[in-house]
Every structure is written in C-alpha cells, then in structure tokens.
Amino acid sequence: MALSRVCWARAALWGSAVTPGSFVTRRLQLGRSVLAWGAPRSSKLHLSPKADVKSLISYVVTTTKVINGKYHRFLGRHFPRFYVLYTIFMKGLQMFWADAKKARRIKTNMWKHNIKFHQLSYREMEHLRQIQRGIHPAIHDILALRKCFCNHPLGMNQLQALHMKALSRAMLLTPYLPPPLLRHRLKARTTVIYQLDRALAKLGVAQLTAQEVKSACYLRGLNSTHIAEDRCRTWLGEWLQISCTLKEAELSLLLHNVVLLSTNYLGTRR
C-alpha cells in the first residue's frame, strides 16, 4: 500500500498516469541496464603493452636526438678541430656500413641464384666496382691519429650511442642494447683482442695454421672467406704492428681499427 501511494503521488506531480507495476518494471529494467554496462569506466586510457613499448621507443629516440644535437653544438663551439674529425669519421663510417650492407645483399643474391657478375644490372655492377677500388689506409696513416682516440670525442669513454652501435655492427655484435652495456661490451672485446695480440706477437703469425689465421682475421673485423691465406697473414701482421704500438689508453683506436684497417683491403680477390 505504501509503495502504491508513493507511485500515485509521483504520478500526480509529474502529470502522467503511471501504475505501480509499470514503475517497478522500469526500475528493474534500469537496474539490469546498469549491471549490463558495469561500473563507470575510468577516464584514463590504458595502452596495450605494444603501444607502451612504441611510446617508450619514440620517447627514447626523440630524447637521444635532442641530446645528440646539444652534444654536436657543444663540440662545434669548444672543440672545432675534433668536431670536424668526428663528423667526417662518423659520416664515413655510416656511408661505409651502408655500402657494405648493399654489397653483401648483392653478393648473397648472386650466390643464392647462381648469378654471374656480368648478369647483374648496371647499378649493381657499378656498386661492387666502387666498393672494390677504394684506398686501403697505411699503418703510418692510422698511427698518426692515435692521439685523437684518447680523449673527446673519440675516446672509449666519450663515444656516443650511435657511434657505438655502428662499431658493434662492425664487430658483429648486436647493437640493440643500452649505451652503458654497449660501451662495456666493446671495451671488454677490445681488451681481449689487445691481450691476444701481444700473445700472438710473441708466438709469431707464421706459427698459426691456415684455419687459425682465418679465425684471427675474422675476430679483428676482416671477412677472410674469399682472401688468400698469404694475404690474410700479411694483413694480420699489419694489425699486430699497430696493436703492439698502442697503449691501453689508446684502445679506442684499436677498436676503430676494425673498420679502418679492414676497409677496402687490396688483398681481397675480385
């Protein structure tokens, strides 16, 4: 009775005839709709794990670009000569890596499909020709730069992230690590090679077997697959002449030697 009176009272106020049964039905329907929709959702958007990762990567890339820009301006103002050397070296390293990757793709395709050199397109033939006719640096040219690799910007502790990624690729190491880990791993690998060089210099390159020579060259950045054994021994001797001259503070030059001494080596068979 009480519920009925309340319903008729509300109907009189609203100016419409609503029966108690219809009122109860509407309340039940409203309750069901609330349960169907669930609790009110938060206004905050929750990204999926993939979206979170993409956002994080985008943030890191943007921040790295800003830091690199400031670093380049700092070098240009305070170390103009080093900045010129650093810029030239980094551009040369990036161009060399891009050319080497393209040449590797062309040669891989030739091997897979049994394609001869004269069957390549003009641009592919010209690219391989230009890669093969480059100048191989002499030992004294490399050693003349040793002081540049002790401090800013080419010292082992001052290398930037993009620089270390490029060197990691040259060392056949994954570049997809945080900068501190990249630096630690490059230091460790270079130190091991530095110690191996001293032991090898005492033993003598002539005492190595053919397979040991190939492996030693490969560790130091020279792809010796298509290089004659005598040429590999000559190259390894040049490497030791440089390595055994350096001090521990100059290990960054030994690390860069992976690129400098291996670039356009004239002992490569054509």
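Calculation rules
- The residue numbering used here restarts from 1 in each chain and proceeds along that chain's sequence as written.
- Two thresholds apply to this predicted model, a pLDDT of at least 70 for residue-level local features and 80 or more for giving and counting side-chain atom pairs, whereas whole-chain, interface and lining totals are computed over all residues.
- For side-chain calculations, the full set of non-hydrogen atoms in the structure is used, while hydrogens and water are omitted.
- A run of H or I in DSSP becomes a helix once it reaches four residues, and a run of E becomes a strand once it reaches two; helices and strands are each numbered from the N terminus.
- Each residue's exposure class comes from its accessible area (1.4 Å probe, protein chains only) as a fraction of the maximum for that residue type: buried when under 20%, exposed when over 50%, partly exposed otherwise.
- Every residue pair with non-hydrogen atoms within 4.5 Å of one another is taken to be in contact.
- Think of it this way: a Phe, Tyr or Trp ring, Trp meaning its six-membered ring, pairs with another when their centres are within 6.5 Å, and the plane angle makes it stacked under 30 degrees, edge-to-face over 60, tilted otherwise.
- Helix span, expected: 1.5 Å multiplied by one less than the number of residues in the helix.
- Each axis is a line fitted through C-alpha atoms, taken for helices only over the stretch in contact, and angles between the N-to-C directions span 0 to 180 degrees.
- Here roughly perpendicular refers to angles of 65 to 115 degrees, roughly parallel to angles under 35, roughly antiparallel to angles over 145, and oblique to all remaining angles.
- Two helices crossing with the near one rotated counterclockwise from the far one by less than a right angle form a left-handed crossing, whereas a clockwise rotation gives a right-handed crossing.
- Residues are grouped as follows: Ala, Val, Leu, Ile, Met, Phe, Trp, Tyr, Cys and Pro are nonpolar; Asp, Glu, Lys and Arg are charged; every other residue, Gly included, is polar.
- Directions drawn from the helix axis to the C-beta atoms are what define this arc.
- By definition here, a salt bridge exists when the distance from a side-chain nitrogen of Lys or Arg to a carboxyl oxygen of Asp or Glu is within 4 Å.

*Asks:* Quick question: what am I supposed to make of the overall build of the protein chain here?
*Replies:* Summing up its helical and strand segments, the protein chain has 11 helices and zero strands in all. Along the chain direction, N to C, the helices and strands of the protein chain fall in the order α-α-α-α-α-α-α-α-α-α-α. When the 270 residues of the protein chain are sorted by exposure, 31% land in the buried category. Considering only intrachain contacts with a sequence separation of at least 6, the fraction spanning at least 24 residues in the protein chain is 60%.

*Asks:* What am I meant to see in the packing of aromatic side chains here?
*Replies:* To describe a pair of aromatic rings, you give the distance between the ring centres and the angle between the ring planes. The full count for this structure, using the stated rule, is one aromatic pair. Plain terms: the ring middles of Trp-235 and Trp-239 are 5.7 Å apart, the flat faces sit at 35° to each other, and that makes the pair tilted. With a gap of four residues between them, Trp-235 and Trp-239 both fall in helix α10 (residues 229-243), about one helical turn apart. In this pair, the class of Trp-235 matches that of Trp-239, namely buried.

*Asks:* I would appreciate a short explanation of helix α8 (residues 179-203) in the present structure.
*Replies:* Within an α-helix, residues lying three or four positions from one another point in the same direction, as the helix has 3.6 residues per turn. In this model α8 runs 36 Å from its N-terminal to its C-terminal C-alpha over 25 residues, within 8% of the 36 Å that 1.5 Å per residue would give. For α8, the set of buried residues is Leu-182, Leu-186, Thr-190, Ile-193, Tyr-194, Asp-197 and Leu-200. In this fold, the buried residues of α8 make contact with α7 (161-170), α9 (210-219), α10 and α11 (251-260). Taken from the residues just after α8, Gly-204 is the one with a positive phi, measuring 100°.

*Asks:* Explain the packing of α8 against α10 to me, please; I cannot follow it from the model alone.
*Replies:* Pairs of packed helices are described in terms of their axes, by the angle between the two and the distance that separates them. Between α8 and α10, the least distance of the axes is 10 Å, while the angle of their chain directions is 110°. When the axis of α8 is compared with that of α10, the two are roughly perpendicular. Regarding α8 and α10, the two cross each other, and that crossing is left-handed. Residues Ile-193, Tyr-194, Asp-197, Arg-198, Leu-200 and Ala-201 of α8 form the contact with α10, whose own contacting residues are Leu-236, Trp-239, Leu-240 and Ser-243. Across the contact of α8 with α10, the residue classes break down as seven nonpolar, one polar and two charged.

*Asks:* Please clarify how α10 should be interpreted in this entry.
*Replies:* Over its 15 residues, α10 extends 21 Å from the first C-alpha to the last, a length consistent with the 21 Å expected when each residue adds 1.5 Å. For α10, the set of buried residues is Cys-232, Trp-235, Leu-236, Trp-239, Leu-240, Ile-242 and Ser-243. Down the axis of α10, the buried set is contained in an arc of 160°. They therefore lie on one face. Where α10 is buried, its residues touch α6 (139-143), α8, α9 and α11.

*Asks:* Please explain the pattern of salt bridges as it appears in this structure.
*Replies:* When the charged atoms of two side chains lie near each other, side chains of opposite charge can form a pair. In this structure the tally under the stated criterion is three salt bridges. The partner of Glu-250 in a salt bridge is Arg-146, with the nearest N and O atoms 2.9 Å apart. Here the residue Glu-250 occupies a position in the loop between α10 and α11, and Arg-146 occupies one in the loop between α6 and α7, the gap between them amounting to 104 residues. Accessibility classification places Glu-250 together with Arg-146 in one group, the buried group. One salt bridge connects Glu-229 with Arg-233, and the closest N-O pair in it is separated by 2.8 Å. Of this pair, Glu-229 and Arg-233 both sit in helix α10, four residues apart, roughly one helical turn. Classification of Glu-229 as partly exposed rests on a relative accessible area of 34%.

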